[in-house]
Amino acid sequence: MEDRTAVSASAPGKIILFGEHAVVYGRPAIAAPLTHVRATATIHPARDGGVILAAPDLGVRQNLANVGTEDALALTVQQVLIAAGLQRLPDMTITVTSDIPIAAGLGSGAAITAATTRALAQFLELDIPVTDGWISDLTYEVEKIHHGTPSGIDNTVVAYERPVYFVRQTPQNLIETFSVQQPLHLLVGDTGISSSTKDVVGDVRRSWQKDPQRFNALFDGCGALSEAAREAIQTGDYEEIGRMMNQNHALLVDMTVSSPDLDRLVSTALDAGALGAKMSGGGRGGNMIALV
Ligand code: MEV
């Protein structure tokens, strides 16, 4: 056994404050980390047995040698191996746990990948600069399994762990982390309904292909809100942020990515005095956020 010690790394969940879906089509969006729910990866050295991938919460324990790269955790490990230019990995057990609800639009998949990538980089004592950007880029590749055509915002916010203003563009995405003038108190309301971001993103793509004019206008509306909201967040204008959250929710309803449960949570929050509320993430289930 090589002389390595156990390591552990974690990554937060995330919420999309403004611009989900439109961000896939190059419009700006704003996301923030949800730091008190986290995914954690712990790596213990082993004497033999190869690389064991364990997700005890899901009852999964398998050997990397028997898993294809359609598995997110296996792909995560393979990518680090390639990026680090290593031929083989030392024997180890990688255990991932998470208290981020799965398939709820809170970035659980991205957080597990980012935490595992960080832990592996530490465990292997990689000889390359392990920046947040590097973690984000590797996480993006794995996000394709979860999302099909991810914009890149989820991996960015969980890797940088800061509020981020994001525009998907070539040759390089625009990523601006920014400060928040006064803390935003956000309430996250879970519909308890799990939803596949990949499916919803695919549906939006089909609708956009059928009626590009209408959907481009909806995306433009979301993008304009993200731009204006960034100003309001920086100056701490709560009333304005709340109003814009309501407008963003209305656009997402028009995009057909909300659901009766999400709409009910939004109106309950507003009736109770929230300054604004909207669904957050892929939609058709998952979570609502309210500015309280
Ligand atoms: C998911 O958190 C946000 C979406 O805009 C998809 C993406 O940006 O990849 C729905």
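Residues numbered from 1 in each chain as written. Predicted model: local features only at pLDDT ≥ 70, side-chain atom pairs only at ≥ 80, totals over all residues. Heavy atoms only, no water.

(A) Inspection of the overall build of the protein at higher detail. When you go through the protein residue by residue, the secondary structure sums to eight helices and ten strands. In terms of C-alpha radius of gyration, the protein reaches 20 Å, essentially the compact-globule figure of 19 Å for 292 residues. Along the longest, intermediate and shortest principal axes, the C-alpha atoms of the protein span 60 × 40 × 35 Å. Sorting the 292 residues of the protein into buried and exposed places 51% on the buried side. Relative to all contacts within the protein whose residues are 6 or more apart in sequence, the contacts with residues 24 or more apart total 70%. Across the protein, the mean location of the 21 positive side-chain charges is 4 Å away from that of the 32 negative side-chain charges. (Helix = DSSP H or I, 4+ residues; strand = E, 2+ residues; numbered from the N terminus. Rg over C-alpha atoms; globule rule 2.2 N^0.38 Å. Buried < 20%, exposed > 50% of the residue type's maximum accessible area, 1.4 Å probe, protein only. Contact = heavy atoms within 4.5 Å. Lys, Arg positive; Asp, Glu negative; His and termini not counted. Charge placed at Lys NZ, Arg CZ, Asp CG, Glu CD.)

(B) Highlighting the packing of helix α2 (residues 108–123) against helix α3 (residues 132–147). As a packed pair, α2 and α3 sit with axes 9 Å apart at the nearest point and diverge in direction by 135°. It follows that α2 is oblique to α3 by the angle criterion. Where α2 crosses over α3, the handedness of that crossing is right-handed. On α3, the residues touching Gly109, Ala110, Thr113, Ala114, Thr117, Arg118 and Ala121 of α2 are Asp132, Trp134, Ile135, Leu138, Thr139, Val142, Glu143 and His146. Grouping the constituent residues of the contact of α2 with α3 by class yields seven nonpolar, five polar and three charged. (Axes fitted to C-alpha atoms, helices over the stretch in contact; angles between N-to-C directions. Parallel < 35°, antiparallel > 145°, perpendicular 65-115°, else oblique. Left-handed = near helix turned anticlockwise from the far one by under 90°. Nonpolar A, V, L, I, M, F, W, Y, C, P; charged D, E, K, R; others polar.)

(C) Quick peek at the packing of aromatic side chains. Across all of its chains, the model carries three aromatic pairs by this definition. Judged by centre distance (4.8 Å) and plane angle (55°), the ring pair of Tyr25 and Trp208 falls under tilted. Of this pair, Tyr25 sits in the loop between β1 (7–18) and β2 (29–45) while Trp208 sits in helix α5 (residues 197–210), placing them 183 residues apart in sequence. Residue Tyr25 is classed as buried on the basis of its relative accessible area, which comes to 14%. Measuring from centroid to centroid gives 4.4 Å for Tyr25 and Phe219, while their planes differ by 15°, and the two rings are stacked. (Phe/Tyr/Trp six-rings, centres within 6.5 Å; stacked < 30°, edge-to-face > 60°.)

Geometric descriptors of this kind do not, in isolation, establish any biological role.
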